[in-house]
Amino acid sequence: MNISKSQPSILWVQVLVLAGLQGAITLTWLVYNVYLPQLLTQFGFPASLAVGLLVVENALAVVLEPLMGGLSDQAIRWVGSRFPFISAGVILASSLFIAIPCIVTFIPPTEVIKGILPLVLIAWALAMTVFRSPAISLLGRYAIPKELPLAASFLTLAGGIIGAFRGIANTFILSLGPIFAFSIASFVLLGATFTLRFFNPPETPANPENVEIPKIPIGKLGLILLTGFSIAWGSRLLMDTIGKILKTQLQTNDISTIMLGIGVTLAFAALPAGFLAVKIGNRQAMLAGICTTILSIILMLNIGAHFLIILLTLAGFSLILNGAIPFTLELIPQKWAGLGIGMYFSGFSLAMSLFGFVFPPGITSVVTGISSVFAFLLASMCIIVSEKYIAILNKK
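The rules behind these values
Residues numbered from 1 in each chain as written. Predicted model: local features only at pLDDT ≥ 70, side-chain atom pairs only at ≥ 80, totals over all residues. Heavy atoms only, no water. Axes fitted to C-alpha atoms, helices over the stretch in contact; angles between N-to-C directions. Helix = DSSP H or I, 4+ residues; strand = E, 2+ residues; numbered from the N terminus. Parallel < 35°, antiparallel > 145°, perpendicular 65-115°, else oblique. Left-handed = near helix turned anticlockwise from the far one by under 90°. Contact = heavy atoms within 4.5 Å. Nonpolar A, V, L, I, M, F, W, Y, C, P; charged D, E, K, R; others polar. Salt bridge = Lys/Arg side-chain N within 4 Å of Asp/Glu carboxyl O. Buried < 20%, exposed > 50% of the residue type's maximum accessible area, 1.4 Å probe, protein only. Phe/Tyr/Trp six-rings, centres within 6.5 Å; stacked < 30°, edge-to-face > 60°. Lys NZ or Arg CZ within 6 Å of the ring centre and 35° of its normal.

How two helices sit against one another is set out by the angle between their axes and by the gap between those axes. Axis separation between helix α4 (residues 116–136) and helix α13 (residues 337–358) bottoms out at 8 Å; the angle between their running directions is 125 degrees. Comparing the axis directions of α4 and α13 gives the class oblique. Our pair here, α4 against α13, has a crossing hand that is right-handed. Note on element contacts: α13 touches α4 through Gly 338, Ile 341, Gly 342, Phe 345 and Ser 349, opposite Arg 132, Ser 133 and Ile 136. When its residues are assigned to classes, the contact of α4 with α13 shows three nonpolar, four polar and one charged.

Right under this line is the structure:
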(Lines give C-alpha, C1' and ligand atoms only; values in the text may rest on other atoms or scores of the structure.)
Protein backbone atom coordinates (compact mmCIF):
# COMPACT_ATOMS: atom_id res chain seq x y z
CA MET A 1 0.00 0.00 0.00
CA ASN A 2 1.36 3.37 -1.01
CA ILE A 3 -0.18 5.45 1.79
CA SER A 4 2.28 6.05 4.58
CA LYS A 5 1.46 6.07 8.29
CA SER A 6 1.68 9.87 8.36
CA GLN A 7 -1.02 10.17 5.72
CA PRO A 8 -4.77 9.70 6.17
CA SER A 9 -6.25 6.28 5.52
CA ILE A 10 -8.14 7.74 2.54
CA LEU A 11 -6.74 10.40 0.21
CA TRP A 12 -10.07 12.16 -0.16
CA VAL A 13 -9.14 14.67 -2.85
CA GLN A 14 -7.81 11.95 -5.11
CA VAL A 15 -10.81 9.70 -4.42
CA LEU A 16 -13.28 12.47 -5.25
CA VAL A 17 -11.44 13.33 -8.47
CA LEU A 18 -11.40 9.65 -9.42
CA ALA A 19 -15.14 9.59 -8.74
CA GLY A 20 -15.43 12.51 -11.15
CA LEU A 21 -13.64 10.45 -13.79
CA GLN A 22 -16.02 7.56 -13.15
CA GLY A 23 -18.91 9.96 -13.66
CA ALA A 24 -17.35 11.22 -16.90
CA ILE A 25 -16.99 7.66 -18.21
CA THR A 26 -20.65 6.99 -17.41
CA LEU A 27 -21.66 10.23 -19.13
CA THR A 28 -19.86 9.37 -22.37
CA TRP A 29 -21.55 5.96 -22.52
CA LEU A 30 -24.91 7.57 -21.75
CA VAL A 31 -24.55 10.01 -24.64
CA TYR A 32 -23.27 7.25 -26.92
CA ASN A 33 -26.19 4.92 -26.23
CA VAL A 34 -28.75 7.71 -26.65
CA TYR A 35 -27.43 8.81 -30.04
CA LEU A 36 -26.23 5.50 -31.51
CA PRO A 37 -29.49 4.44 -33.28
CA GLN A 38 -30.03 7.97 -34.64
CA LEU A 39 -26.49 8.29 -35.98
CA LEU A 40 -26.64 4.88 -37.63
CA THR A 41 -29.94 5.59 -39.42
CA GLN A 42 -28.74 9.04 -40.45
CA PHE A 43 -25.74 7.41 -42.10
CA GLY A 44 -27.84 4.83 -43.91
CA PHE A 45 -27.61 1.87 -41.50
CA PRO A 46 -30.56 0.16 -39.78
CA ALA A 47 -31.10 1.14 -36.15
CA SER A 48 -30.95 -2.55 -35.23
CA LEU A 49 -27.22 -2.48 -36.00
CA ALA A 50 -26.76 -0.70 -32.64
CA VAL A 51 -27.44 -3.94 -30.76
CA GLY A 52 -24.87 -5.83 -32.84
CA LEU A 53 -22.25 -3.13 -32.33
CA LEU A 54 -22.72 -3.17 -28.56
CA VAL A 55 -22.32 -6.96 -28.54
CA VAL A 56 -19.09 -6.70 -30.57
CA GLU A 57 -17.76 -3.91 -28.36
CA ASN A 58 -18.45 -5.91 -25.20
CA ALA A 59 -16.87 -9.02 -26.72
CA LEU A 60 -13.68 -7.12 -27.58
CA ALA A 61 -13.62 -5.58 -24.08
CA VAL A 62 -13.48 -9.10 -22.64
CA VAL A 63 -9.90 -9.35 -23.95
CA LEU A 64 -8.79 -5.73 -23.90
CA GLU A 65 -9.83 -4.76 -20.35
CA PRO A 66 -7.47 -7.21 -18.59
CA LEU A 67 -4.80 -6.70 -21.26
CA MET A 68 -4.67 -2.94 -20.74
CA GLY A 69 -4.90 -3.31 -16.97
CA GLY A 70 -1.99 -5.76 -16.99
CA LEU A 71 0.10 -3.57 -19.26
CA SER A 72 -0.49 -0.62 -16.94
CA ASP A 73 0.83 -2.75 -14.07
CA GLN A 74 4.01 -3.26 -16.08
CA ALA A 75 4.15 0.47 -16.87
CA ILE A 76 4.60 1.08 -13.13
CA ARG A 77 7.62 -1.20 -13.22
CA TRP A 78 9.17 0.63 -16.17
CA VAL A 79 8.16 4.30 -15.75
CA GLY A 80 6.65 4.36 -12.27
CA SER A 81 3.11 5.33 -13.27
CA ARG A 82 -0.08 4.12 -14.95
CA PHE A 83 -0.73 7.55 -16.40
CA PRO A 84 0.87 6.96 -19.80
CA PHE A 85 -1.95 4.46 -20.43
CA ILE A 86 -4.61 6.63 -18.84
CA SER A 87 -3.61 9.83 -20.64
CA ALA A 88 -3.11 8.19 -24.04
CA GLY A 89 -6.40 6.31 -23.77
CA VAL A 90 -8.40 9.36 -22.73
CA ILE A 91 -6.94 11.57 -25.48
CA LEU A 92 -7.62 8.91 -28.11
CA ALA A 93 -11.12 8.18 -26.81
CA SER A 94 -12.04 11.88 -26.61
CA SER A 95 -10.77 12.54 -30.13
CA LEU A 96 -12.70 9.61 -31.59
CA PHE A 97 -15.80 10.56 -29.60
CA ILE A 98 -15.88 14.02 -31.14
CA ALA A 99 -15.15 12.51 -34.56
CA ILE A 100 -18.27 10.28 -34.45
CA PRO A 101 -20.92 13.03 -34.90
CA CYS A 102 -18.60 14.96 -37.23
CA ILE A 103 -18.44 12.00 -39.62
CA VAL A 104 -22.24 11.72 -39.69
CA THR A 105 -22.76 15.47 -40.04
CA PHE A 106 -20.10 16.46 -42.56
CA ILE A 107 -19.33 13.35 -44.63
CA PRO A 108 -21.88 12.13 -47.20
CA PRO A 109 -22.77 8.45 -46.63
CA THR A 110 -21.63 7.08 -49.99
CA GLU A 111 -21.23 3.34 -50.45
CA VAL A 112 -17.44 3.65 -50.54
CA ILE A 113 -16.97 5.41 -47.19
CA LYS A 114 -20.13 4.23 -45.45
CA GLY A 115 -18.20 1.62 -43.48
CA ILE A 116 -16.09 4.28 -41.75
CA LEU A 117 -18.72 4.97 -39.09
CA PRO A 118 -18.95 1.43 -37.61
CA LEU A 119 -15.14 1.23 -37.56
CA VAL A 120 -14.85 4.53 -35.69
CA LEU A 121 -17.57 3.47 -33.25
CA ILE A 122 -15.73 0.25 -32.43
CA ALA A 123 -12.39 2.07 -32.27
CA TRP A 124 -13.84 4.50 -29.72
CA ALA A 125 -15.16 1.66 -27.56
CA LEU A 126 -11.74 0.01 -27.68
CA ALA A 127 -10.04 3.29 -26.74
CA MET A 128 -12.26 3.45 -23.65
CA THR A 129 -10.86 0.09 -22.53
CA VAL A 130 -7.30 1.44 -22.68
CA PHE A 131 -7.70 3.63 -19.60
CA ARG A 132 -10.70 2.43 -17.58
CA SER A 133 -9.04 -0.47 -15.72
CA PRO A 134 -5.75 1.42 -15.11
CA ALA A 135 -7.69 4.43 -13.81
CA ILE A 136 -10.06 2.56 -11.47
CA SER A 137 -7.18 0.48 -10.09
CA LEU A 138 -5.73 3.73 -8.71
CA LEU A 139 -8.28 3.41 -5.93
CA GLY A 140 -5.92 0.88 -4.37
CA ARG A 141 -3.32 3.68 -3.96
CA TYR A 142 -5.80 6.17 -2.56
CA ALA A 143 -7.14 4.14 0.39
CA ILE A 144 -5.88 1.47 2.77
CA PRO A 145 -7.51 -1.95 2.21
CA LYS A 146 -9.90 -1.67 5.17
CA GLU A 147 -11.25 1.70 3.96
CA LEU A 148 -11.63 0.71 0.29
CA PRO A 149 -15.44 0.17 0.47
CA LEU A 150 -15.95 3.70 1.81
CA ALA A 151 -13.70 5.20 -0.86
CA ALA A 152 -15.37 3.12 -3.57
CA SER A 153 -18.80 4.34 -2.47
CA PHE A 154 -18.08 7.77 -3.95
CA LEU A 155 -17.23 6.22 -7.31
CA THR A 156 -20.45 4.21 -7.14
CA LEU A 157 -22.35 7.37 -6.23
CA ALA A 158 -20.94 9.40 -9.13
CA GLY A 159 -21.55 6.74 -11.75
CA GLY A 160 -24.94 5.82 -10.28
CA ILE A 161 -26.37 9.34 -10.27
CA ILE A 162 -25.52 9.92 -13.93
CA GLY A 163 -26.59 6.41 -14.94
CA ALA A 164 -29.92 6.87 -13.14
CA PHE A 165 -30.95 9.52 -15.66
CA ARG A 166 -30.49 7.10 -18.58
CA GLY A 167 -34.22 6.62 -19.12
CA ILE A 168 -35.44 10.16 -18.52
CA ALA A 169 -32.68 12.35 -20.00
CA ASN A 170 -32.92 11.09 -23.58
CA THR A 171 -35.05 14.00 -24.78
CA PHE A 172 -32.76 16.61 -23.22
CA ILE A 173 -29.59 15.00 -24.57
CA LEU A 174 -31.08 14.69 -28.05
CA SER A 175 -32.14 18.34 -27.94
CA LEU A 176 -28.48 19.39 -27.56
CA GLY A 177 -27.56 17.99 -30.97
CA PRO A 178 -24.91 15.30 -31.51
CA ILE A 179 -21.87 17.53 -31.99
CA PHE A 180 -22.57 19.60 -28.89
CA ALA A 181 -23.49 16.59 -26.70
CA PHE A 182 -20.47 14.53 -27.78
CA SER A 183 -18.16 17.52 -27.35
CA ILE A 184 -19.40 18.22 -23.81
CA ALA A 185 -18.87 14.59 -22.78
CA SER A 186 -15.38 14.56 -24.35
CA PHE A 187 -14.24 17.73 -22.61
CA VAL A 188 -15.63 16.54 -19.27
CA LEU A 189 -13.63 13.32 -19.70
CA LEU A 190 -10.46 15.24 -20.58
CA GLY A 191 -10.95 17.66 -17.70
CA ALA A 192 -11.48 14.88 -15.16
CA THR A 193 -8.35 13.08 -16.34
CA PHE A 194 -6.21 16.24 -16.25
CA THR A 195 -7.42 16.98 -12.71
CA LEU A 196 -6.67 13.41 -11.61
CA ARG A 197 -3.18 13.63 -13.06
CA PHE A 198 -2.60 16.93 -11.24
CA PHE A 199 -3.62 15.54 -7.83
CA ASN A 200 -2.13 12.07 -8.21
CA PRO A 201 0.57 11.55 -5.55
CA PRO A 202 4.12 11.47 -6.94
CA GLU A 203 5.48 8.05 -7.77
CA THR A 204 9.10 6.91 -7.90
CA PRO A 205 10.00 4.87 -10.98
CA ALA A 206 11.39 1.48 -10.05
CA ASN A 207 14.54 0.06 -11.56
CA PRO A 208 13.15 -2.73 -13.79
CA GLU A 209 16.39 -4.68 -13.45
CA ASN A 210 15.97 -4.90 -9.67
CA VAL A 211 12.23 -5.52 -9.57
CA GLU A 212 11.02 -9.09 -9.61
CA ILE A 213 7.86 -9.60 -11.67
CA PRO A 214 5.31 -11.32 -9.43
CA LYS A 215 3.57 -14.41 -10.73
CA ILE A 216 0.20 -13.86 -12.32
CA PRO A 217 -2.40 -15.26 -9.88
CA ILE A 218 -4.42 -17.29 -12.40
CA GLY A 219 -6.78 -18.81 -9.82
CA LYS A 220 -7.68 -15.45 -8.34
CA LEU A 221 -8.19 -13.91 -11.77
CA GLY A 222 -10.57 -16.71 -12.73
CA LEU A 223 -12.52 -16.09 -9.53
CA ILE A 224 -12.69 -12.36 -10.26
CA LEU A 225 -13.85 -13.02 -13.83
CA LEU A 226 -16.67 -15.26 -12.59
CA THR A 227 -17.61 -12.73 -9.92
CA GLY A 228 -17.89 -9.94 -12.48
CA PHE A 229 -19.91 -12.20 -14.78
CA SER A 230 -22.38 -13.24 -12.08
CA ILE A 231 -22.83 -9.74 -10.66
CA ALA A 232 -23.44 -8.37 -14.17
CA TRP A 233 -26.16 -10.91 -14.93
CA GLY A 234 -27.65 -10.60 -11.45
CA SER A 235 -27.77 -6.80 -11.69
CA ARG A 236 -29.30 -6.70 -15.16
CA LEU A 237 -31.87 -9.37 -14.33
CA LEU A 238 -32.77 -7.72 -11.02
CA MET A 239 -33.50 -4.36 -12.64
CA ASP A 240 -35.48 -6.09 -15.40
CA THR A 241 -37.52 -7.92 -12.75
CA ILE A 242 -38.32 -4.72 -10.87
CA GLY A 243 -39.33 -2.98 -14.11
CA LYS A 244 -41.57 -5.83 -15.30
CA ILE A 245 -43.34 -6.17 -11.95
CA LEU A 246 -43.90 -2.40 -11.67
CA LYS A 247 -45.37 -2.25 -15.19
CA THR A 248 -47.78 -5.05 -14.33
CA GLN A 249 -48.76 -3.55 -10.97
CA LEU A 250 -49.25 -0.02 -12.28
CA GLN A 251 -50.69 -1.17 -15.63
CA THR A 252 -48.48 1.21 -17.57
CA ASN A 253 -45.32 1.01 -19.66
CA ASP A 254 -44.14 4.48 -18.60
CA ILE A 255 -42.20 3.91 -15.37
CA SER A 256 -39.21 6.11 -16.28
CA THR A 257 -39.80 8.49 -13.36
CA ILE A 258 -40.04 5.62 -10.88
CA MET A 259 -36.90 3.99 -12.28
CA LEU A 260 -35.13 7.36 -11.97
CA GLY A 261 -36.03 7.45 -8.28
CA ILE A 262 -34.84 3.88 -7.84
CA GLY A 263 -31.57 4.66 -9.62
CA VAL A 264 -30.87 7.79 -7.56
CA THR A 265 -31.73 5.99 -4.32
CA LEU A 266 -29.41 3.13 -5.26
CA ALA A 267 -26.62 5.59 -6.00
CA PHE A 268 -26.90 7.33 -2.62
CA ALA A 269 -27.28 3.99 -0.84
CA ALA A 270 -23.63 3.36 -1.74
CA LEU A 271 -22.50 5.73 1.03
CA PRO A 272 -24.06 3.87 4.00
CA ALA A 273 -23.13 0.62 2.25
CA GLY A 274 -19.50 1.73 2.26
CA PHE A 275 -19.63 2.67 5.94
CA LEU A 276 -21.20 -0.68 6.86
CA ALA A 277 -18.65 -2.65 4.81
CA VAL A 278 -15.80 -0.89 6.63
CA LYS A 279 -17.35 -1.81 10.00
CA ILE A 280 -18.14 -5.49 9.38
CA GLY A 281 -15.77 -6.31 6.50
CA ASN A 282 -16.42 -6.07 2.77
CA ARG A 283 -16.86 -9.79 2.12
CA GLN A 284 -19.35 -10.12 4.96
CA ALA A 285 -21.21 -7.04 3.72
CA MET A 286 -21.43 -8.42 0.18
CA LEU A 287 -22.72 -11.78 1.43
CA ALA A 288 -25.29 -10.00 3.60
CA GLY A 289 -26.28 -7.91 0.59
CA ILE A 290 -26.73 -11.03 -1.56
CA CYS A 291 -28.92 -12.70 1.07
CA THR A 292 -31.01 -9.55 1.44
CA THR A 293 -31.37 -9.12 -2.32
CA ILE A 294 -32.39 -12.75 -2.87
CA LEU A 295 -34.99 -12.46 -0.08
CA SER A 296 -36.32 -9.28 -1.66
CA ILE A 297 -36.61 -10.91 -5.09
CA ILE A 298 -38.61 -13.80 -3.60
CA LEU A 299 -40.91 -11.32 -1.84
CA MET A 300 -41.39 -9.31 -5.04
CA LEU A 301 -42.28 -12.37 -7.07
CA ASN A 302 -44.89 -13.39 -4.49
CA ILE A 303 -46.47 -10.17 -3.21
CA GLY A 304 -45.26 -7.49 -5.65
CA ALA A 305 -42.79 -4.59 -5.78
CA HIS A 306 -44.07 -2.60 -2.83
CA PHE A 307 -42.23 0.42 -1.45
CA LEU A 308 -40.61 -1.28 1.55
CA ILE A 309 -39.60 -4.31 -0.51
CA ILE A 310 -37.94 -2.08 -3.10
CA LEU A 311 -36.07 -0.25 -0.33
CA LEU A 312 -34.93 -3.59 1.10
CA THR A 313 -33.81 -4.66 -2.38
CA LEU A 314 -31.80 -1.49 -2.93
CA ALA A 315 -30.20 -1.75 0.51
CA GLY A 316 -28.93 -5.24 -0.25
CA PHE A 317 -28.06 -4.55 -3.86
CA SER A 318 -25.96 -1.50 -2.93
CA LEU A 319 -23.75 -3.69 -0.73
CA ILE A 320 -23.08 -5.96 -3.71
CA LEU A 321 -22.40 -3.22 -6.26
CA ASN A 322 -20.26 -1.10 -3.96
CA GLY A 323 -18.23 -4.06 -2.74
CA ALA A 324 -17.19 -5.43 -6.14
CA ILE A 325 -14.15 -3.21 -6.80
CA PRO A 326 -12.84 -3.38 -3.19
CA PHE A 327 -13.35 -7.17 -3.33
CA THR A 328 -11.14 -7.33 -6.42
CA LEU A 329 -8.44 -5.07 -4.98
CA GLU A 330 -8.41 -7.03 -1.73
CA LEU A 331 -8.12 -10.37 -3.50
CA ILE A 332 -5.40 -9.48 -6.02
CA PRO A 333 -1.82 -8.39 -5.13
CA GLN A 334 -1.34 -4.63 -5.52
CA LYS A 335 1.28 -5.20 -8.23
CA TRP A 336 -1.45 -6.77 -10.40
CA ALA A 337 -4.25 -4.36 -9.41
CA GLY A 338 -4.80 -3.18 -12.99
CA LEU A 339 -5.03 -6.74 -14.27
CA GLY A 340 -7.46 -7.64 -11.50
CA ILE A 341 -9.78 -4.71 -12.18
CA GLY A 342 -9.54 -5.45 -15.90
CA MET A 343 -10.53 -9.06 -15.28
CA TYR A 344 -13.59 -7.92 -13.29
CA PHE A 345 -14.66 -5.64 -16.14
CA SER A 346 -13.91 -8.48 -18.55
CA GLY A 347 -16.39 -10.71 -16.73
CA PHE A 348 -18.94 -7.91 -16.74
CA SER A 349 -18.49 -7.33 -20.49
CA LEU A 350 -18.69 -11.06 -21.23
CA ALA A 351 -22.00 -11.26 -19.39
CA MET A 352 -23.42 -8.29 -21.27
CA SER A 353 -22.30 -9.62 -24.66
CA LEU A 354 -24.05 -12.94 -24.02
CA PHE A 355 -27.12 -11.58 -22.25
CA GLY A 356 -29.29 -11.06 -25.32
CA PHE A 357 -28.60 -14.57 -26.60
CA VAL A 358 -29.49 -16.26 -23.31
CA PHE A 359 -32.40 -14.05 -22.21
CA PRO A 360 -34.73 -13.03 -25.07
CA PRO A 361 -36.78 -9.81 -24.66
CA GLY A 362 -40.14 -11.51 -24.02
CA ILE A 363 -39.28 -13.46 -20.87
CA THR A 364 -41.46 -13.00 -17.79
CA SER A 365 -40.59 -11.44 -14.44
CA VAL A 366 -40.60 -14.91 -12.86
CA VAL A 367 -37.85 -16.08 -15.23
CA THR A 368 -35.73 -12.94 -14.75
CA GLY A 369 -36.24 -13.02 -10.98
CA ILE A 370 -35.28 -16.68 -10.55
CA SER A 371 -32.32 -16.26 -12.93
CA SER A 372 -31.18 -13.25 -10.89
CA VAL A 373 -31.30 -15.35 -7.72
CA PHE A 374 -29.07 -18.01 -9.28
CA ALA A 375 -26.64 -15.37 -10.59
CA PHE A 376 -26.26 -13.84 -7.12
CA LEU A 377 -25.87 -17.29 -5.58
CA LEU A 378 -22.96 -17.88 -7.97
CA ALA A 379 -21.44 -14.55 -6.87
CA SER A 380 -21.78 -15.60 -3.22
CA MET A 381 -19.92 -18.84 -3.95
CA CYS A 382 -17.08 -16.84 -5.51
CA ILE A 383 -16.88 -14.61 -2.43
CA ILE A 384 -16.84 -17.58 -0.06
CA VAL A 385 -14.15 -19.38 -2.07
CA SER A 386 -12.06 -16.19 -2.11
CA GLU A 387 -11.60 -16.40 1.67
CA LYS A 388 -8.70 -18.84 1.40
CA TYR A 389 -6.98 -16.61 -1.19
CA ILE A 390 -7.31 -13.54 1.05
CA ALA A 391 -5.95 -15.51 4.00
CA ILE A 392 -2.91 -16.55 1.94
CA LEU A 393 -2.39 -12.97 0.73
CA ASN A 394 -2.52 -11.57 4.26
CA LYS A 395 0.19 -13.99 5.42
CA LYS A 396 2.64 -12.68 2.81
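Once you've had a look at it, read on.
This part is about the pattern of salt bridges. For the structure shown, the criterion picks out four salt bridges. The salt bridge partner of Asp 73 is Arg 82, with a shortest N-O separation of 2.6 Å. Both residues of the pair, Asp 73 and Arg 82, count as buried. Ionic pairing is found between Glu 387 and Arg 283, a salt bridge with its closest N-O pair at 3.6 Å. A residue pair is termed long-range when its members are at least 10 positions apart, and Glu 387 in helix α14 (residues 365–395) and Arg 283 in helix α11 (residues 282–303) qualify at 104 residues. The class for Glu 387 is partly exposed, based on a relative accessible area of 45%.

Our focus in this paragraph is the environment of Ile 107. Position of Ile 107 among the secondary structure elements: in the loop between α3 (83–106) and α4. Beyond its immediate sequence surroundings of up to four residues, Ile 107 is in contact with Phe 43, Cys 102 and Ile 113.

Along the chain, Ser 137 falls in the loop between α4 and α5 (139–142). Judged by relative accessible area, which is 1%, Ser 137 ranks as buried.

Under the criterion given, the structure shown has 14 aromatic pairs. With a centroid separation of 5.6 Å and 65 degrees between ring planes, the pair formed by Tyr 35 and Phe 182 is classed as edge-to-face. Of this pair, Tyr 35 sits in helix α1 (residues 12–42) while Phe 182 sits in helix α8 (residues 178–199), and the two are 147 residues apart along the sequence. For the pair Tyr 35 and Phe 182, one class covers both residues: buried. On the numbers, 6.2 Å between centres and 50 degrees between planes, the contact of Tyr 344 with Phe 348 is tilted. One end of the pair, Tyr 344, and the other, Phe 348, are both in helix α13, four residues apart, so they sit about a helical turn from each other. Residue class for Phe 348 comes out partly exposed when judged on its relative accessible area of 28%. Pairwise contacts between aromatic rings join Trp 29, Tyr 32, Tyr 35, Phe 97, Trp 124 and Phe 182 into one cluster. Between the NZ or CZ atom of Arg 132 and the centre of the ring of Phe 345, over which it lies, the distance is 3.8 Å.

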